[in-house]
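Chain by chain, the residues:
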Amino acid sequence: MIRVENLGKSYAGQWVVDLPELELPRGGLTAIIGPNGAGKSTLLSMIARLQSPDRGVVTLDGQDILRIPGDTLARRLTVLRQDNAMAARLTVSDLVGFGRYPYSKGRLTGEDHAKIEESLALVELQPYRHRFLDELSGGQRQRAFIAMVLAQDTEYALFDEPLNSLDIRHAVSVMQLLRRAAEELGKTVVTVLHDLNFAARHSDRIIAMKNGQLQFAGPPHQVIRTVALRDLYGIDLNVSRTDGKLMVDIYG
Ligand SMILES: Nc1ncnc2c1ncn2[C@@H]1O[C@H](COP(=O)(O)OP(=O)(O)O)[C@@H](O)[C@H]1O
Ligand SMILES: [Mg+2]
């Protein structure tokens, strides 16, 4: 379980994350929703120890993440960042191979190569394995980064807007991949999503953030509600339910 206590990050005297208490239970898929600037990325960065909080603690299965050695943490938890600045002159295989670094320390074994292949196959990028990252489309590059995270094979996998730049088919396939990672491989998947219908359809629980704070949390049918979402985003929308399936209609 990931637990956040009294967690805060501030810029220019303003709290951009201000969470007295938040629990992300083990297993399943948790979606984090909320408008731009809500603090979603900052929260994930602090959980993954990429950014230090100004107050509070994050614990992983009861242990303060600051006390977990770097290589141990990298085998238990990883994050796909929203902005992946990476050397363009790197091939897809090299990138995915980085995901194995916590295990191989740079010297890839047969098992590492097998994991790399498996991850490339999951995102359907085998034909592109020798391409440089700057020779890919935005969506292909995004899938290469997702493969890197999958190759790291951690129990906790955090994704920040993983569906960015993906076409509908690949968005669905990545969503199913995350679902399978949670269901079949028993991983704990936490992902920031903007598509409310994907969040409604594929997650076990949803956390809604706004202005650095927790607005509401719960299973999709408790969170995906007309009034709650109108309030969260400040736009006109409507939630309906057909055959038990939630549908969000957004009026522009
Ligand atoms: N390095 C920074 N300096 C100043 N403000 C920042 C910095 N990083 C993030 N912020 C601000 O923190 C708030 C939360 O950002 P972020 O966590 O990226 O939101 P989200 O991912 O929900 O869109 C935003 O208002 C953003 O402008
Ligand atoms: Mg963000």
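Residues numbered from 1 in each chain as written. Chains lettered and ligands numbered in written order. Predicted model: local features only at pLDDT ≥ 70, side-chain atom pairs only at ≥ 80, totals over all residues. Heavy atoms only, no water.

- Going by an unreviewed UniProt entry, the protein carries the name Iron ABC transporter ATP-binding protein and comes from Seohaeicola zhoushanensis.
- What UniProt states about the protein under its Subcellular location (unreviewed entry) heading is, verbatim, "Cell membrane". (UniProt positions renumbered as here; feature names shortened; annotations may be inferred.)

Section: the side chain of R143
Turning to step 1, where the next piece is worked out: Topologically, R143 is positioned in helix α6 (residues 138–152).
Turning to step 2, where the next piece is worked out: Among buried charged residues, R143 stands out as having no salt bridge; its nearest opposite-charge side chain is E124, 5.4 Å away.
Turning to step 3, where the next piece is worked out: A distance of 3.4 Å separates polar atoms of two side chains, one belonging to R143 and the other to H170.
Turning to step 4, where the next piece is worked out: Once residues within four sequence positions are removed from consideration, R143 is found in contact with V123, E124, L125, L166, H170 and V174. (Helix = DSSP H or I, 4+ residues; strand = E, 2+ residues; numbered from the N terminus. Buried < 20%, exposed > 50% of the residue type's maximum accessible area, 1.4 Å probe, protein only. Lys, Arg positive; Asp, Glu negative; His and termini not counted. Salt bridge = Lys/Arg side-chain N within 4 Å of Asp/Glu carboxyl O. Polar contact = N/O pair within 3.5 Å; in protein donor to acceptor, adjacent residues only side chain to side chain. Contact = heavy atoms within 4.5 Å.)

Regarding the packing of aromatic side chains
Turning to step 1, where the next piece is worked out: Enumeration over the complete set of coordinates arrives at 0 aromatic pairs.
Turning to step 2, where the next piece is worked out: One cation-aromatic arrangement involves R55 over W15; the distance from NZ or CZ to the ring centre is 4.5 Å.
Turning to step 3, where the next piece is worked out: A cation sits over an aromatic face here: R100 above Y103, 4.2 Å from the ring centre. (Phe/Tyr/Trp six-rings, centres within 6.5 Å; stacked < 30°, edge-to-face > 60°. Lys NZ or Arg CZ within 6 Å of the ring centre and 35° of its normal.)

Here we look at the nonpolar core
Turning to step 1, where the next piece is worked out: I33, V92, L133, F159, L163, I224 and L229 are the most contacted members of the largest nonpolar core, which has 51 residues in total.
Turning to step 2, where the next piece is worked out: When residues in this core are grouped by element, the largest group, 8 residues, is from α6.
Turning to step 3, where the next piece is worked out: Excluding anything up to four places from it in sequence, I224 contacts L196, A200, I206, L229, V239, L246 and V248.
Turning to step 4, where the next piece is worked out: Counting 27 residues, the second largest nonpolar core, distinct from the first, contains V58, L73, L77 and V190. (Core = buried A, V, L, I, M, F, W, Y, C linked by side-chain atoms within 4.5 Å.)

A closer look at the coordination of the magnesium ion (ligand 2)
When a metal holds four donors in a tetrahedron, each ideal angle between them is 109.5 degrees; when it holds six in an octahedron, the ideal angles are 90 or 180 degrees.
Turning to step 1, where the next piece is worked out: Around the magnesium ion (ligand 2), the donor atoms from the protein are S41 (OG) and Q82 (OE1), and they sit 2.0 to 2.1 Å away. With S41 in helix α1 (residues 40–47) and Q82 in the loop between β6 (77–80) and α3 (92–98), this pair connects stretches of sequence that are 41 residues apart.
Turning to step 2, where the next piece is worked out: Overall, the relative accessible area of 25% leaves S41 in the partly exposed class. (Donors = N, O, S within 2.8 Å, 3.2 Å for Na, K, Ca; no water.)

Observations concerning the sheet that holds strand β5 (residues 63–64)
Turning to step 1, where the next piece is worked out: With antiparallel pairing, the 4 strands of this open sheet are ordered in space as β2-β1-β4-β5. Strands at the two margins of the open sheet, each flanked by one partner only, are β2 (14–24) and β5.
Turning to step 2, where the next piece is worked out: Here 2 bridges tie strand β4 (residues 55–60) to β5, and the two strands are oriented antiparallel to one another. Bridge pairing links T59 to D64 in β5. (Pairing = 2+ DSSP bridges.)

Focus on the site of ligand 1
Turning to step 1, where the next piece is worked out: Taken together, the residues surrounding ligand 1 are Y11, V16, P35, N36, G37, A38, G39, K40, S41 and T42.
Turning to step 2, where the next piece is worked out: Here an oxygen atom of ligand 1 sits 3.1 Å away from a polar atom, N or O, in the main chain of A38.
Turning to step 3, where the next piece is worked out: Between ligand 1 and K40 there is a distance of 2.8 Å, counted from an oxygen atom to a side-chain nitrogen or oxygen.
Turning to step 4, where the next piece is worked out: Calculation on ligand 1 without its partners gives an accessible area of 560 Å², and the protein chains cover 57% of this total.
Turning to step 5, where the next piece is worked out: It is α1 that provides the largest number of residues to the shell around ligand 1, a total of 3 residues. (Near = heavy atom within 4 Å. Areas by Shrake-Rupley, 256 points an atom, 1.4 Å probe, with all protein chains shown as cover.)

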